[in-house]
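Here are the chains, one letter per residue:
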Protein chains: 2
Amino acid sequence: MLLTPLLLVVTDRWWIPFLNDGKRRDIEELKEPQQESVIVAGFGRYGQIVSRMLFANGIRPTVLDHDAEQIEAMRRFGWRVYYGDATRLDLMRTAGADKARVIVVAIDDIEQSIDCVKMVRANFPGAAIVARARNVQHYYELYELGVTLIERETLDSALMSARSTLELLGWQPHRARNLALRFRRHNVAQLAAIAPHRKDEARLIAAAKQGRQQLEQLFAIERQQAAERQARAGWSGTADP
Amino acid sequence: MLLTPLLLVVTDRWWIPFLNDGKRRDIEELKEPQQESVIVAGFGRYGQIVSRMLFANGIRPTVLDHDAEQIEAMRRFGWRVYYGDATRLDLMRTAGADKARVIVVAIDDIEQSIDCVKMVRANFPGAAIVARARNVQHYYELYELGVTLIERETLDSALMSARSTLELLGWQPHRARNLALRFRRHNVAQLAAIAPHRKDEARLIAAAKQGRQQLEQLFAIERQQAAERQARAGWSGTADP
């Protein structure tokens, strides 16, 4: 049985915390079934960027978050975010998960993220899942549930900092960028390779050390080859350190 | 007066927490002054990726972290991480900050990150700072301290998820990638533009709405132009949605 939107509102109301000034606000809930092609669950730092990027490309995602203060803040910025717990089947159904093509699980809490993914996989097999992972363990839990489009939430920004560091040490920007892309591919491939041993710490350690050595050797060979190419071409002093 | 490394060890020892099994471990501390060109402060998810990327390129950063369990875990994976609080001047000096070319502040705690940056700026003006920011507020605090190479820790991974979503909806991968780069540039430029008004919420809201509209218009114009180019070239049905 599908709960009516009105009942959703009633059962949810008492959960809404009072905001700082002690007054209840009109937190908008999902009253009408939505039919957008994308649902974004979680509207923190991660979900906001995903939503803004989609919005800028003409897509209006249906956004769910269960933090009333966060919703209130975002509504002041002109966003329509709906209040609710994205791990609840009835709410996800009202959000239009039956017809959604993509559900972005951008929830920061690992347990809630996993609960949401399990519920979506079991009930809305037609929707593709794009997920945010807090760390490698979370990544593997999502992976085991059949999710393939997973991003570890700090990986790419850390690689940007690594690029900045290499540039400060004299690497050419395009070279630092290529090295970061190479590192990223290797790192993601290594995650898949380690997957079968992820509960066996000794093998994990051996694999991690071996992976790091392989990558270092790969980069060393590339540095050597680049230096040789530049020497053959008669280039003068533009080699990276 | 420069504290001797021995004294550092003595004053630090009692801070070291007991690990899970109740036994004290031999957590390595900085006994000898270091002279590496890069210091990485904070060896969590972010600092680890930066360090691994540097390591793979032949750079051995001096790594500091104040979480004894974290250090113990990373040492099992073959890393040499030193125990200590990166906001302390004496420890940073022993780590070689006087001669370091780059100090990567990858600390997750906002207050400690700011304390560390203030200390480094005041005492080691020769070292460039590359910083991790938790959010926009943290970004601005770092910016006010003169740091320019700052990454918001979840921005780039969120853009990867946005790219995946666009691809699932039919965008070509190279197009989704270019849109993410464009969004990123716009987003960073907008941060700088908003900086003077960041304590004035009404203007901040107006600027945020305006920035989003501008970006959406820009993308709409680009979509239109791309469609026209493709029509002129007689391409068949490869336009993005």
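Residues numbered from 1 in each chain as written. Chains lettered and ligands numbered in written order. Predicted model: local features only at pLDDT ≥ 70, side-chain atom pairs only at ≥ 80, totals over all residues.

A.B. asks: Pulling in residues and values, what's your account of the relation of the copies chain B and chain A?
C.D. replies: Of the two same-sequence chains, chain B is brought onto chain A (RMSD 0.0 Å, axial shift 0.0 Å) by a rotation of 180°. On this basis, the relationship between the two copies can be described by a two-fold rotation axis. Interface overlap between copies: 100% of the residues of chain B at the interface are likewise at the interface in chain A, consistent with a symmetric, same-surface contact. (Least-squares fit on C-alpha atoms with pLDDT ≥ 70 in both. Contact = placed C-beta atoms within 7 Å.)

A.B. asks: I'd like a rundown of the interface of chain B and chain A, residues and numbers included.
C.D. replies: Counting residues at the interface gives 52 residues for chain B, matched by 52 residues for chain A. Sorting the residues of the side of chain B that touches chain A by element identifies helix H2 (45-56), strand S4 (102-105), strand S5 (128-133), strand S6 (149-152), helix H7 (155-168), helix H8 (173-194) and helix H9 (201-233) of chain B as the ones contributing at least two each. Residue contributions to the side of chain B that touches chain A peak at 12 residues, all from H7 of chain B. A breakdown of the residues in the side of chain B that touches chain A according to their chemical character gives 30 nonpolar, 10 polar and 12 charged. (Helix = DSSP H or I, 4+ residues; strand = E, 2+ residues; numbered from the N terminus. Nonpolar A, V, L, I, M, F, W, Y, C, P; charged D, E, K, R; others polar.)

A.B. asks: Describe the sheet that holds strand S4 (residues 102-105) of chain A, with residues and values.
C.D. replies: Residue and element names in this part refer to chain A. What the 6 strands build is an open sheet, ordered S3-S2-S1-S4-S5-S6; its pairing is parallel. Edge positions in the sheet fall to strand S3 (81-83) and strand S6 (149-152), since each of these pairs with one other strand and no more. If you compare each strand with its neighbour and ignore which way they point, the axes differ by 20° on average. Pairing of strand S1 (residues 38-41) with strand S2 (residues 62-65), which is carried by 3 bridges, proceeds in the parallel orientation. Following the sheet pairing, Val40 is matched in S2 by Val63. Relative to S1, helix H2 (residues 45-56) is tilted by about 160°, and along the sheet it contacts S1, S2, S4 and strand S5 (128-133). (Pairing = 2+ DSSP bridges. Axes fitted to C-alpha atoms, helices over the stretch in contact; angles between N-to-C directions.)

A.B. asks: Residues and numbers for the sheet that holds strand S2 (residues 62-65) of chain B, please.
C.D. replies: Residues and elements named next belong to chain B. Reading across from one edge, S3-S2-S1-S4-S5-S6 is the order of the 6 strands in this open sheet, with parallel pairing throughout. Lying at the two open borders of the sheet, with one neighbouring strand each, are strand S3 (81-83) and S6. Strand-to-strand twist in this sheet, taken as the mean axis angle between neighbours without regard to direction, amounts to 20°. As judged from the 4 bridges shared by S5 and S6, these two strands associate in the parallel manner. Each residue of the ladder has a partner; that of Arg132, found in S6, is Glu151.

A.B. asks: Outline H8 of chain B, listing residues and values.
C.D. replies: Residues and elements named next belong to chain B. Its 22 residues place the ends of H8 31 Å apart at the C-alpha level, agreeing with the 32 Å of an ideal helix rising 1.5 Å per residue. Within H8, the full set of buried residues consists of Ala176, Leu179, Ala180 and Phe183. Projection of H8 onto a plane perpendicular to its axis shows the buried side chains occupying an angular sector of 100°, all on one side. Among the exposed residues of H8, those oriented more than 90 degrees off its buried face are His174, Leu181, Arg185, Ala189, Ala192 and Ala193. (Expected span 1.5 Å × (residues − 1). Buried ≥ 20, exposed ≤ 12 C-beta atoms within 10 Å, placed from the backbone. Arc of directions from axis to C-beta.)

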